[in-house]
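# Coordinate analysis (summary)
Listed below, chain by chain, are the residues.
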Amino acid sequence: MPPSAKSIREDLARAKAAYAKNEELRAVQLVTQALRAFVSVKLPGTDRMSIEGQLREAFGNLSKLPRVLKYAPNGIPYAKGQEPKLAVFLVNLSQKVEEDIARESLDTMRERKLRIDHAIIKGSKLLAEGNLLEAQRNFRAAVADYVDEKGLFPLLAGKLIDAGHFKASLEYVKRAIEEAPDNSRAYDFLLTAAGKADEWQLAERILTDAAGKGIKTPLLDQAIAHVQARLGNWKEALGAAKRAVAADARLTDAAKLLAAAEKQLANSSPAA
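## Topic: the packing of aromatic side chains
Centre-to-centre distance and the angle between the planes together describe a pair of aromatic rings. A full pass over the atoms with the stated rule returns three aromatic pairs. Between F59 and Y78 the ring centres are 5.6 Å apart and the planes differ by 45°, which places this aromatic pair in the tilted class. Taken as a pair, F59 in helix α3 (residues 45–62) and Y78 in the loop between α4 (66–71) and α5 (83–128) lie far apart in primary sequence, 19 residues in all. Assessed through its relative accessible area of 13%, Y78 is described here as buried.

The following block contains the structure:
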């Protein structure tokens, strides 16, 4: 649809709302869009006067934004009759503001990843020195900066398992399963740590929590079958193993657990 007085007013109203929320780029983009539309159409005098008033207010607001003042230190006064030139200026300004924000976002991401790396390095050194408490403090600092580094949790779990801190590793195994449920390493770590620390009930809670969060994968069912078998819950082990094998016949451990569960249940059944 071609721009109209209504659409221009709406864009300027949205720009005002963006300014109020300190959304600098959106405010600049909306004013730019409104001004370009204003230049492209012929409107009745009453509409033009009304919109010119909104434009003066919009330019006044833009002139207070720090990112705008970086490129227009004296602000951007609205000049009636100069709308085409102002529209060109705003297009260029919008691009510069967007590039600044993207650059700052990249810098922020790099700083965050650097903090994670430093925390892991320091934590690993402390772990090697036998200082689990301080190592954990650094590992948790790394986790606090987590956004999308899914390999972080298996990495930390593996370090703790290698150092013999099996129960402590389960904290990160839990997150590894939740963040990347299709990663088989997470389940291998779970079974290793639970077995070494004799924490099968904790392992059961971790898997139950994962299932409760909507995670559905044959690897999860295979792990559930394994844990339930270790707990002696053969009926639950049978159900989980059946689900795992039905979803992925290549899961040989699940097939073995299925056979073991069927045998246990058959042996425990009363004779006919």
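## Looking at unusual backbone geometry
Positive phi, close to 65°, is recorded for N22, a residue that is not glycine. Along the chain, N22 turns up in the loop between α1 (5–20) and α2 (24–40). Not every positive phi belongs to a glycine, and D198 is a case in point at roughly 55°. Relative to the assigned elements, D198 resides in the loop between α9 (184–197) and α10 (200–212).

## Thoughts on the pattern of salt bridges
Counted according to the given criterion, the structure contains 23 salt bridges. A salt bridge links K21 to E23, with the nearest nitrogen and oxygen atoms 4.0 Å apart. By relative accessible area, which is 57% here, K21 ends up exposed. The shortest N-O distance in the salt bridge between E179 and R175 comes to 3.3 Å. One end of the pair is E179 and the other is R175, both in helix α8 (residues 166–179) and four residues apart, which spans about a single turn.

## What to know about helix α11 (residues 218–230)
Between the first and last C-alpha of α11 there are 18 Å, a value that for 13 residues agrees with the 18 Å anticipated at 1.5 Å per step. Of all the 13 residues making up α11, 10 are buried; the element is thus mostly covered by neighbouring parts of the structure. Within the span of α11, buried status applies to L219, L220, D221, Q222, A223, I224, A225, V227, Q228 and A229. Lining the buried residues of α11 we find α9, α10, α12 (234–247) and α13 (252–268).

## Remarks on the environment of A254
On the secondary structure map, A254 appears in helix α13. With relative accessibility at 0%, the residue A254 sits in the buried group. Taking C-alpha positions, A254 is 8.3 Å from A223, a pair spaced 31 residues apart along the chain. Setting aside its immediate chain neighbours within four residues, A254 contacts Q222, A241, A244 and V245.

## Observations regarding the environment of S40
Within the secondary structure, S40 is located in helix α2. It is 58 Å that separates the C-alpha atoms of S40 and F139, two residues lying 99 residues apart in sequence. Separated by 2.8 Å, the side chain of S40 and the backbone oxygen of A37 make a polar contact.

## Concerning the packing of α1 against α3
Where α1 meets α3, the closest approach of the two axes is 10 Å, and the angle between their N-to-C directions is 20°. Relative to α3, the element α1 is oriented roughly parallel. For the crossing formed where α1 meets α3, the hand is left-handed. On α3, the residues that touch A5, I8, R9, L12, A13, K16 and Y19 of α1 are D47, S50, I51, Q54, L55, E57, A58 and N61. A breakdown of the residues in the contact of α1 with α3 according to their chemical character gives eight nonpolar, three polar and four charged.

## Overview of the packing of helix α6 (residues 132–144) against α8
α8 packs onto α6 with a crossing angle of 10° between their chain directions and a minimal axis gap of 12 Å. Classified by the interaxial angle, the pair formed by α6 and α8 is roughly parallel. Side by side, α6 and α8 meet where Q136, F139, R140 and V143 of the first sit next to A168, E171, Y172 and R175 of the second. Along the lines of polarity and charge, the residues of the contact of α6 with α8 split into four nonpolar, one polar and three charged.

The rules we used
Residues numbered from 1 in each chain as written. Predicted model: local features only at pLDDT ≥ 70, side-chain atom pairs only at ≥ 80, totals over all residues. Heavy atoms only, no water. Phe/Tyr/Trp six-rings, centres within 6.5 Å; stacked < 30°, edge-to-face > 60°. Helix = DSSP H or I, 4+ residues; strand = E, 2+ residues; numbered from the N terminus. Buried < 20%, exposed > 50% of the residue type's maximum accessible area, 1.4 Å probe, protein only. Salt bridge = Lys/Arg side-chain N within 4 Å of Asp/Glu carboxyl O. Expected span 1.5 Å × (residues − 1). Contact = heavy atoms within 4.5 Å. Polar contact = N/O pair within 3.5 Å; in protein donor to acceptor, adjacent residues only side chain to side chain. Axes fitted to C-alpha atoms, helices over the stretch in contact; angles between N-to-C directions. Parallel < 35°, antiparallel > 145°, perpendicular 65-115°, else oblique. Left-handed = near helix turned anticlockwise from the far one by under 90°. Nonpolar A, V, L, I, M, F, W, Y, C, P; charged D, E, K, R; others polar.

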